[in-house]
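Single-letter residue listing:
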Amino acid sequence: MQVLAVISMPLSLVIFVMYLTIFGLGTWLGSFINKAVYRIPLGLPLLRGRSFCPHCGKPIPFYLRIPALSYFWLRGQCARCQEPIAWRYPAVELFTGLLAVILVYYYNYDFTWDMLWIFAVSCTLLTIALIDHDHCIIPNSLVALLVVLAWVRFYWIPEFDGLSYLVGVIAVSGPMIFFHVAFHGFGLGDVKVAVAAGMLLGFPKVLLAIFVALMTGSLGAIYRLVNQYEETYMPFGPYLSLGIFVALIAGDQIISAYLGLIR
Ligand SMILES: [Zn+2]
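Residues numbered from 1 in each chain as written. Predicted model: local features only at pLDDT ≥ 70, side-chain atom pairs only at ≥ 80, totals over all residues.

### Some thoughts on helix α6 (residues 162-183)
Then, in step 1: Taking 1.5 Å per residue as the helical rise, α6 with its 22 residues ought to reach 32 Å, and the 31 Å between its terminal C-alpha atoms agrees with that figure.
Then, in step 2: By the largest-angle criterion, Ser173 marks the main kink of α6, which is about 30°, and a proline, Pro175, follows within four residues.
Then, in step 3: Buried within α6 are the following residues: Tyr165, Gly168, Val169, Val172, Ser173 and Met176.
Then, in step 4: Summarising the contacts, the buried residues of α6 are in contact with α7 (188-201) and α8 (205-226). (Helix = DSSP H or I, 4+ residues; strand = E, 2+ residues; numbered from the N terminus. Expected span 1.5 Å × (residues − 1). Bend = angle between axes of the 7 residues up to and from the residue. Buried ≥ 20, exposed ≤ 12 C-beta atoms within 10 Å, placed from the backbone. Contact = placed C-beta atoms within 7 Å.)

### Brief notes about the nonpolar core
Then, in step 1: Among the nonpolar cores identified, the biggest contains 48 residues, and Ala197, Leu200, Ala209 and Ile244 are the most heavily contacted of them.
Then, in step 2: Elements supplying a minimum of two residues to this core: α1 (2-39), α3 (88-106), α4 (113-135), α5 (140-154), α6, α7, α8 and α9 (237-262).
Then, in step 3: Of the residues that make up this core, three or more belong to each of domain 1 (1-108) and domain 2 (112-263).
Then, in step 4: If sequence neighbours within four positions are ignored, Ile244 has contacts with Leu125, Ala197, Leu200, Leu201 and Ala209. (Core = buried A, V, L, I, M, F, W, Y, C linked by C-beta atoms within 7 Å. Domains from an automatic or database assignment.)

### Remarks on the domain arrangement of the protein
Then, in step 1: Along its sequence, the protein is carved into domain 1 (1-108) and domain 2 (112-263).
Then, in step 2: The distance between the C-alpha centroids of domain 1 and domain 2 comes to 26 Å.
Then, in step 3: At the junction of the two partners, domain 1 supplies 11 residues and domain 2 supplies 14 residues.
Then, in step 4: Of all the secondary-structure elements, those providing two or more residues to the side of domain 1 that touches domain 2 are α1 and α3.

### Focus: the packing of α4 against α9
Then, in step 1: As a packed pair, α4 and α9 sit with axes 8 Å apart at the nearest point and diverge in direction by 165°. Relative to α9, the element α4 lies roughly antiparallel. Where α4 crosses over α9, the handedness of that crossing is left-handed. Taken together, the residues of α9 that come into contact with α4 (itself represented by Ile118, Val121, Ser122, Leu125, Leu126, Ile128, Ala129, Asp132 and His133) are Gly237, Pro238, Ser241, Ile244, Phe245 and Leu248.
Then, in step 2: By residue class, the composition of the contact of α4 with α9 is 10 nonpolar, four polar and one charged. (Axes fitted to C-alpha atoms, helices over the stretch in contact; angles between N-to-C directions. Parallel < 35°, antiparallel > 145°, perpendicular 65-115°, else oblique. Left-handed = near helix turned anticlockwise from the far one by under 90°. Nonpolar A, V, L, I, M, F, W, Y, C, P; charged D, E, K, R; others polar.)

### Brief notes about α4
Given 3.6 residues to a turn, an α-helix orients residues that are three or four positions apart in the same direction.
Then, in step 1: In a regular helix each residue adds 1.5 Å, so 23 residues correspond to 33 Å; α4 covers 33 Å between its end C-alpha atoms and thus fits that length.
Then, in step 2: Just beyond α4, the residue with positive phi is Cys136, at close to 55°.

Rendered as structure tokens:
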């Protein structure tokens with residue numbers, strides 16, 4: 001028993017270091033998402049050019065670019081101009097780090113393609129949600145990335161059911177095209193994301209995604225009404241992204257639980 005205790009000590013340390021590394025890599029990807037959210041709508045290159053403060057334009061030195069930590073180290077201010085840094089930057093970094101850790105835990109340290117795929121799709125959805133929230137646009141490049149990710153997965157899904165994905169695409173994007181044309185109810189970007197959602201989730205999981213999107217979107221609309229927002233247009237991308245994320249992470253469990261209820 002004592003031997004086991006001795007062995008288990010370093011093992012827990014190894015696991016701790018592994019989680020810390022994954023968390024670190026996740027937060028680093030989160031800071032890349034922040035960069036993409038800022039740069040894509042402005043048409044700035046993503047990979048070239050150093051990070052700079054959006055207020056004073058001064059480049060941020062490498063030692064102040066540690067995801068999340070730098071924000072707390074600088075007490076939420078730019079080191080040069082003292083302008084406040086939006087809390088969303090560290091929030092996105094911490095969220096992405098936590099998501100990476102949760103996925104690794106959920107997949108039992110099994111670094112499968114499925115796990116990396118869910119992480120990649122989630123990061124793309126987060127970028128879409130934030131850009132749509134900030135600018136009311138959904139960049140085509142990001143929708144194309146979702147479509148490519150969906151297409152790539154088709155090659156390793158066991159028992160690929162093409163019809164489920166075809167129905168998934170039509171079931172949600174079809175009615176949305178109608179609402180877009182007839183009432184301008186959805187933006188064209190939303191319709192494109194819905195097409196990608198069908199390809200990512202298939203039927204019936206895509207229905208869960210749109211259900212979550214409409215429910216949370218209604219709450220968002222009520223919030224805007226109560227707080228008397230000036231703009232009449234509400235970006236739907238964040239809610240759509242959230243719905244796809246929920247269906248992606250827990251779609252199978254939620255749908256089987258629901259079917260168990262009505263049976
Ligand atoms: Zn500054």
